[in-house]
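One-letter residues, chain by chain:
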Amino acid sequence: MDEQRDAGTETVAEGRVAGPEGETGFGEEDGRLTLRERKKLRTRQRISGEATLLFIRHGFDNVTVAEVARAAEVSTMTVFNYFPRKEDLFLDRVPEGRELLIRAVRERGADETPLAALRRLTLDLLAQRHPLAAVGEGYGHFWRTVLDSPALRARGREVMEELEHTLAGLLAETEGGDAGRPGHRSRLAAALIIAGIRTAYAEAIGRQLEGEAVDEVAAGQVEVLRRTFEALERALSA
């Protein structure tokens, strides 16, 4: 059992370190990053990866930032330079998720609605088994750690509020309004969309925590997302 737990922990940590990270959402191989930016990205990834291992093994609330710093071989100040809050060490893909949300809406096709662009994004992430799709091998360890920590659950709720605010601004922008002061229609639409996506994700997370095979969860999640976006389309067109 301990070997299985360690293997799952390593899988989650590897999945969180690999791929785009940081505030830009760019991967290390991206040609737009300077050498200094790539070095900073590697440091950020190392800190986050070590933190993930410690949090999953020992519990988020039982690990200090100083212990993360020692594991990553950096100073505590360096950790805080990259992650202002302890919760951000574990929920480190939040900036990437926000960037993907913004790109999906702003770079959508000429005939594509913002809702259709978000549907495409969520299905693409699921098909890639991207960590932001919430479905993947070993991800149950990640979600158990979140559920076991009041601090992480609270930060998760804040993240949803932040994404809702960002989306409201984007929707206002698409209608020629002020992104900084979205109107009632944009705020209501954003609230419905984020609530729908959050509900769909909660179902996938719950099924994984119950031990259902990842491939089965992913296959079912496609249908859940389809129904979710169809319901959102009906609600927003009313």
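Here, every reference points to the structure presented above.
The rules behind the values
- Residues numbered from 1 in each chain as written.
- Predicted model: local features only at pLDDT ≥ 70, side-chain atom pairs only at ≥ 80, totals over all residues.
- Heavy atoms only, no water.
- Axes fitted to C-alpha atoms, helices over the stretch in contact; angles between N-to-C directions.
- Helix = DSSP H or I, 4+ residues; strand = E, 2+ residues; numbered from the N terminus.
- Parallel < 35°, antiparallel > 145°, perpendicular 65-115°, else oblique.
- Left-handed = near helix turned anticlockwise from the far one by under 90°.
- Contact = heavy atoms within 4.5 Å.
- Nonpolar A, V, L, I, M, F, W, Y, C, P; charged D, E, K, R; others polar.
- Buried < 20%, exposed > 50% of the residue type's maximum accessible area, 1.4 Å probe, protein only.
- Salt bridge = Lys/Arg side-chain N within 4 Å of Asp/Glu carboxyl O.
- Phe/Tyr/Trp six-rings, centres within 6.5 Å; stacked < 30°, edge-to-face > 60°.
- Core = buried A, V, L, I, M, F, W, Y, C linked by side-chain atoms within 4.5 Å.

**Q** Can you help me understand the packing of helix α2 (residues 35-58) against helix α3 (residues 65-72) in this one?
**A** When two helices pack together, their arrangement is given by the angle between their axes and by how far apart the axes lie. Here α2 crosses α3 at 120°, and the two axes come no closer than 9 Å. On the basis of their axis angle, the class for α2 and α3 is oblique. For α2 against α3, the interelement crossing comes out right-handed. Between α2 and α3, the contacting residues are R46, I47, E50, A51, L54 and F55 on the first element and E67, V68, A71 and A72 on the second. A class-by-class count of the residues in the contact of α2 with α3 yields seven nonpolar, no polar and three charged.

**Q** Looking at this structure, I do not really get helix α8 (residues 139-147). What am I missing?
**A** In an α-helix there are 3.6 residues to a turn, and that puts residues three or four apart on one side. Burial analysis of α8 places seven of its nine residues in the buried class, which makes it a mostly covered element. Within the span of α8, buried status applies to Y139, G140, H141, F142, W143, T145 and V146.

**Q** What is the right way to read the environment of I193 from this model?
**A** Topologically, I193 is positioned in helix α10 (residues 184-209). Look at I193 and you get buried, because its relative accessible area is 2%. Setting aside residues no more than four positions away along its own chain, I193 makes contact with L115, L118, L167, L171, L232 and L236.

**Q** How do you make sense of the pattern of salt bridges when you look at a structure like this?
**A** One side chain can pair with another of opposite charge once the charged atoms of both are near each other. For the coordinates displayed, the defined rule picks out 15 salt bridges. Residue E175 is joined to R185 by a salt bridge in which the shortest nitrogen-to-oxygen separation is 3.7 Å. With E175 in the loop between α9 (150-174) and α10 and R185 in helix α10, the pair connects residues that are ten residues apart, well separated along the chain. By relative accessible area, E175 is classed as exposed at 56%. Look at the salt bridges and you will find they share partners, linking R85, E87, D88, R155, E158 and E162 into a network.

**Q** Got a minute to help me understand the packing of aromatic side chains in this structure?
**A** The description of an aromatic ring pair rests on the distance of the ring centres and on the angle between the ring planes. Inspection of every chain in the model, using the stated rule, returns four aromatic pairs. On the numbers, 4.6 Å between centres and 20° between planes, the contact of F90 with F142 is stacked. With a gap of 52 residues between them, F90 in helix α5 (residues 86-90) and F142 in helix α8 connect regions that are remote in the sequence. Per residue, the accessibility class of F90 equals that of F142, and both read buried. Where F142 meets W143, the ring centres are 4.8 Å apart and the plane angle is 85°; that geometry is what we call edge-to-face. As far as the burial class goes, F142 and W143 line up, both buried. Members of the aromatic cluster, joined through ring pairs, are F55, F60, F90, F142 and W143.

**Q** What am I meant to see in the packing of α10 against helix α11 (residues 214-237) here?
**A** The geometry of α10 relative to α11 is characterised by a closest axis approach of 9 Å and an angle of 160° between their N-to-C directions. Our classification of the angle between α10 and α11 gives roughly antiparallel. The crossing of α10 and α11 is right-handed. Contacts between α10 and α11 involve R185, A189, L192, I193, G196, I197, A200, Y201, E203, A204, R207 and Q208 from the first element and V214, E216, V217, G220, Q221, V224, L225, T228, F229, L232 and L236 from the second. Residues of the contact of α10 with α11, tallied by class, amount to 14 nonpolar, five polar and four charged.

**Q** Looking at this structure, I do not really get the nonpolar core. What am I missing?
**A** Taken as a class, soluble globular proteins show a tendency for nonpolar side chains to be buried jointly. F55, V68, L89, F90, L118 and L167 are the most contacted members of the largest nonpolar core, which totals 55 residues. Per-element tally for this core: the top contributor is α10, with nine residues.

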